[in-house]
Amino acid sequence: MLHGFLIIALLVLTGARCFCQTVTQKYNIEVAGFRIGTMAVAQITSPNSVVYDQVSDVECWFFGKVKVLYKTVSRFDPATRQLLHSDIDALSNHGNYQSDIIWQKDHYDINVRQYKYERKATESQPIDFTAMRLYYEEPIGRTRVFAEYFGDYATIEPTKKGSYRVRVADREDEYFYEKGKLIKIIKKNSIKNFVIRLAE
């Protein structure tokens with residue numbers, strides 16, 4: 001009898017985990033064909049939320065040593081797919097930066113503070129598609145995406161089948177998909193482009 005109660009208690013305590021599904025994708029970050037870092041992205045689905053978790057770790061020599069650990073966590077309502085909260089943290093040898101985007105019942109408070117970029121704003125319309133979801137969903141038919149890093153909308157323009165140009169502020173990226181799966185991002189840079197490539 002006691003054994004049965006222990007099993008039930010264990011199931012109750014761990015029940016939320018039983019319904020949790022995690023899909024992880026790993027990428028290499030390259031410049032001029034050389035790997036300078038890695039990125040891991042996870043989509044964690046549970047009855048209470050859909051969470052996207054991204055961690056990038058970069059170390060390179062760029063007019064001096066550059067080391068950046070970048071983490072984004074975006075949480076969505078599982079029923080409506082609305083963004084509820086996003087945290088963006090960047091830890092680097094040039095300073096630490098933190099941003100957050102929070103749904104406050106009828107609007108978002110947007111507080112972005114990143115390297116050489118800041119934005120404070122409010123947004124009254126629910127956000128249902130963000131840059132974090134681009135890792136798991138090809139933006140077929142979409143014309144814009146909310147970029148957590150910038151706290152603002154970016155435009156999406158298809159360039160050919162499975163390829164999209166994404167622009168926000170003065171930045172431009174290209175996303176490439178195969179059979180609906182993100183395989184590569186080219187982040188445009190005036191000096192040298194960065195490539196984020198799906199690891200084998």
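All of the points below concern the structure found in this document. (Residues numbered from 1 in each chain as written. Predicted model: local features only at pLDDT ≥ 70, side-chain atom pairs only at ≥ 80, totals over all residues. Heavy atoms only, no water.)

## What about the pairing of strand β11 (residues 163-168)?
Here five bridges tie strand β10 (residues 152-160) to β11, and the two strands are oriented antiparallel to one another. When the sheet's bridge partners are listed, proline 158 is paired in β11 with tyrosine 164. In sequence, β10 turns back onto β11 through a hairpin of two residues, with glycine 162 there showing a positive phi of about 80 degrees. Where β11 lies against strand β12 (residues 171-178), six bridges are found, and the strand directions are antiparallel. The residue bridging arginine 165 from the neighbouring strand is glutamate 174, located in β12. Here β11 folds back onto β12 in antiparallel fashion, the turn holding two residues, of which alanine 169 has a positive phi close to 50 degrees. (Pairing = 2+ DSSP bridges. Helix = DSSP H or I, 4+ residues; strand = E, 2+ residues; numbered from the N terminus.)

## Points about the pairing of strand β3 (residues 50-61)
Inspection of the sheet shows strand β2 (residues 34-45) paired to β3 by nine bridges, in the antiparallel sense. Each bridged residue has a counterpart across the sheet, and for valine 41 the counterpart in β3 is glutamine 54. Linking two consecutive strands that pair antiparallel, namely β2 and β3, is a turn of four residues. The sheet contact formed by β3 and strand β4 (residues 65-76) spans twelve bridges and is antiparallel. Pairing of valine 58 across the sheet is with valine 68, part of β4.

These figures capture arrangement, not role.
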